[in-house]
Amino acid sequence: MNTTNQKNEEKSLKRGLQNRHIQLIALGGAIGTGLFLGIGPAAVLAGPSVILGYALAGIIAFFIMRQLGEMVVEEPVSGSFSHFAYKYWGSFAGFSSGWNYWILYILVSMSELTAIGVYVHFWWPEIPLWCSSLFFFVAINALNLSSVKVYGEAEFWFSIIKVVAIIAMIVFGIYLLISGSGGTQASIQNLWNDGGFFPRGLLAADGKGGFQGLFAAIALIMFSFGGLELIGITAAEADRPEKTIPKATNQVIYRILIFYVGALIILFSLSPWKSITTDSSPFVMVFESLKGFQFPLFGKTIYFTSLIANVLNLIVLTAALSVYNSCVYSNSRMLYGLSKQGNAPAFLSHLNKNHVPVKAILVSGLFAAICIVVNKVIPEKALEILMSLVVSTLIINWLMITVVHLKFKKSKRADNIRTKFPSFIYPVSNYICLVFLVGILVLMWITGMKLPVELIPVWVVFLYVCFLLVKRNKRSVTTTSLPG
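Just so we're clear, the structure is a prediction, and the values are computed from it rather than from any experiment.

I keep staring at the overall build of the chain and nothing clicks. Help me out?
Secondary structure summary: the chain contains 20 helices and two strands in total. Taken over 484 residues, the chain has a buried fraction of 55%. In the chain, the proportion of contacts linking residues at least 24 apart, taken out of those at least 6 apart, comes to 80%. Surface accessibility of the chain: about 20,500 Å² in total, with carbon and sulfur atoms responsible for 67%.

Please explain helix α7 (residues 91–123) as it appears in this structure.
Owing to its 3.6 residues per turn, the α-helix brings residues three or four apart onto one side. With 33 residues, α7 should cover 48 Å at 1.5 Å per step; its first-to-last C-alpha distance of 49 Å lies within 8% of that length. Within α7, 26 of the 33 residues are buried, which leaves it mostly tucked inside the rest of the structure.

Which parts of the structure should I look at to understand the packing of aromatic side chains?
The way to describe two aromatic rings as a pair is by their centre distance and the angle between their planes. Inspection of the entire model under this criterion finds 16 aromatic pairs. Their ring planes at 85° and their centres at 5.1 Å tell us that F92 and Y464 sit as a pair that is edge-to-face. Here Y464 lies in helix α20 (residues 450–481) and F92 lies in helix α7, a separation of 372 residues in the sequence. A relative accessible area of 40% places Y464 in the partly exposed class. Among the aromatic residues, ring-to-ring pairing joins F92, F95, W99, W102, F367, Y464 and F467 into one connected group. One Lys or Arg, K409, reaches over the ring of Y426 and ends 4.9 Å from the middle of that ring.

Honestly, helix α13 (residues 252–270) in this entry has me stumped. Any pointers?
With 19 residues, α13 should reach 27 Å at 1.5 Å per residue; the first-to-last C-alpha distance of 26 Å fits that figure. Counting buried positions along α13 yields 14 of 19 residues, so the element is predominantly enclosed.

Mind showing me how you'd approach the nonpolar core here?
For soluble globular proteins, nonpolar side chains are generally found buried alongside one another. In this structure, V50, I221, F225, F268, W398 and M444 are the most contacted members of the largest nonpolar core, which totals 103 residues. For this core, the element with the highest residue contribution is α7, accounting for 16 residues. In this view, M444 contacts A219, V391, S392, I395, M449, K450, P452 and V453; residues no more than four positions away in its chain are not counted. By size, the runner-up hydrophobic cluster in this structure holds 10 residues, among which are V163, L176, A186 and I266.

Is there a simple way to explain the environment of L177 in this structure?
Residue placement: L177 occurs in helix α9 (residues 148–179). In sequence terms L177 and L270 are 93 residues apart; their C-alpha atoms lie 7.2 Å from each other. If we ignore the near neighbours within four places in the chain, the residues touching L177 are A186, S187, I188, I266, S269 and L270.

Would you take a moment to explain the side chain of S326 for this structure?
On the secondary structure map, S326 appears in helix α15 (residues 307–341). Setting aside residues no more than four positions away along its own chain, S326 makes contact with Y151, E155 and L230.

Is there a simple way to think about a nonpolar patch on the surface in this case?
Together, F424, I425, V428 and I432 make up an exposed nonpolar region whose accessible area comes to about 320 Å². Residue position: V428 is located in helix α19 (residues 428–446).

How should I be thinking about the confidence of the model for the chain in this particular structure?
Detailed conclusions should not be drawn from predicted coordinates in areas where pLDDT is low. Taken over all residues, the pLDDT of the chain has a mean of 74, while the share at 70 or more is 72%. By mean pLDDT, the top-scoring element of the chain is α19 (88), and the lowest-scoring one is helix α1 (residues 2–10) (40). Low confidence marks residues 1–10, where pLDDT is under 50. Its contacts with residues over four positions away, or in another chain, come to three contacts. Low pLDDT, under 50, characterises residues 203–207; the stretch is placed with six contacts to residues that sit more than four places away or in other chains.

Teacher, can you tell me more about unusual backbone geometry here?
Where the residue is not glycine, phi is negative for most of them; where a peptide bond is considered, it is trans in most cases. That bond from Y426 to P427 is cis: its omega, -5°, falls within 30 degrees of zero. Within the secondary structure layout, P427 lies in the loop between α18 (382–414) and α19. Despite not being glycine, N416 shows a phi value in the positive range, around 55°. Topologically, N416 is positioned in the loop between α18 and α19. Positive phi, normally seen in glycine, also occurs at I425, with a value near 40°. Topologically, I425 is positioned in the loop between α18 and α19. The class of I425 is partly exposed, set by a relative accessible area of 40%.

Hey, could you run me through the packing of α7 against helix α16 (residues 358–368) in this one?
Any two packed helices are characterised by how steeply their axes cross, that is the angle between the axes, and by the distance between the axes. One way to put it is that α7 packs onto α16 with a least axis distance of 9 Å and a crossing angle of 55°. In terms of orientation, α7 lies oblique with respect to α16. Note on packing geometry: the crossing formed by α7 with α16 is right-handed. Between α7 and α16, the residues in contact are W102, I106, S109, M110 and L113 and S364, F367 and A368, respectively.

Rules of the game
- Residues numbered from 1 in each chain as written.
- Predicted model: local features only at pLDDT ≥ 70, side-chain atom pairs only at ≥ 80, totals over all residues.
- Heavy atoms only, no water.
- Helix = DSSP H or I, 4+ residues; strand = E, 2+ residues; numbered from the N terminus.
- Buried < 20%, exposed > 50% of the residue type's maximum accessible area, 1.4 Å probe, protein only.
- Contact = heavy atoms within 4.5 Å.
- Areas by Shrake-Rupley, 256 points an atom, 1.4 Å probe, with all protein chains shown as cover.
- Expected span 1.5 Å × (residues − 1).
- Phe/Tyr/Trp six-rings, centres within 6.5 Å; stacked < 30°, edge-to-face > 60°.
- Lys NZ or Arg CZ within 6 Å of the ring centre and 35° of its normal.
- Core = buried A, V, L, I, M, F, W, Y, C linked by side-chain atoms within 4.5 Å.
- Patch = residues over 30% accessible without salt bridge, like charges linked within 9 Å, V, L, I, M, F, W, Y side chains within 5 Å.
- Salt bridge = Lys/Arg side-chain N within 4 Å of Asp/Glu carboxyl O.
- pLDDT = per-residue confidence, 0-100.
- Axes fitted to C-alpha atoms, helices over the stretch in contact; angles between N-to-C directions.
- Parallel < 35°, antiparallel > 145°, perpendicular 65-115°, else oblique.
- Left-handed = near helix turned anticlockwise from the far one by under 90°.

See below:
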């Protein structure tokens, strides 16, 4: 009996992620390119009202994370929501949710690698985007091939840097505003003076005022919260998931309020929103514009140079590396889970001596490397295209989590099982999320982002065809293996 358990343990993922890893991994999933770089296009569309957009989208993200958290705490397995979709909805739901999630994070990987190139370009404009992407692609994949503990440690320190940096940024921004040291353009009145809090009405004849700008930006805002569901992926390798997962999930709403809403209020106060562009980090740009400012310290006048802008660029580069690091981890674990279900080739469930799904990491990396080609061919449009595609797959992912949770709850109630970590205001929160996510698709269509919306039914049909082929192949193998 002991020998059997030992063999099973050798063939399974190892619980090498401790509480501090899970907390910082969850935090790291909420802070990345969506905040540091993705805010640029959203701010151009919506102006200061983008702050409200992040708050609304953050509440929806929190609802969905509570729904996922309830399922994960009850059944901490590899494959996360793909497992739950497979078990409580059906085989196609499990197949499609798993592969959609994998494609989602292939696209996110490509987006982050592109963003990394943009950040490196800030220092060395002569280096092509694809060169920077290739270098960090190799480095991060090599890190993940070692062990889950190495991944956890790397993500822990990546996230520490991001957290400390954003808190320092907020505190320093408050100092600039209160002391008047941020220059003549720095004022809390920037939130409403330059065209009002809702300055962009993209559907209005005069293009002024209204909520349309905010509506147009919501889809891009959603990109920022992709990654929060990483909490669910870590469950199979988390030490004491019944304690660590609820704690990490409940902190999501506070992180959103502090790191998104708080940071953006400071950002828009330091500089008029019209100065923000789509091709660089607004945080770096705003602080770099203050290079002529001086302030007293220890009785001396210190001249503000571009030092802080360089430090900020290093921080946002760290953030992008952190998210890509998590993408490599989550994609490999999803492929591992799909393989265990029989919905992906069996070789993808192979683990090395350190319990790492090496082949799943290599296959995911091969597809993410397409980003290097994209950055070579269309460097100026790469990030914009990738972000729009990410939003579509992210919405499918979140829709499925919400629907699967409804079915999960129905099953548990039928069996008179009381779950350990109930979701927030079930089932009302589920229906709010469904309406919001469908509304995002409508807004994308209305505001000109038709391609990602049109690709959704095409993608679902493609997944179904693949599902039928896999199903037929399983039947063929079963028939062939029968005696006689």
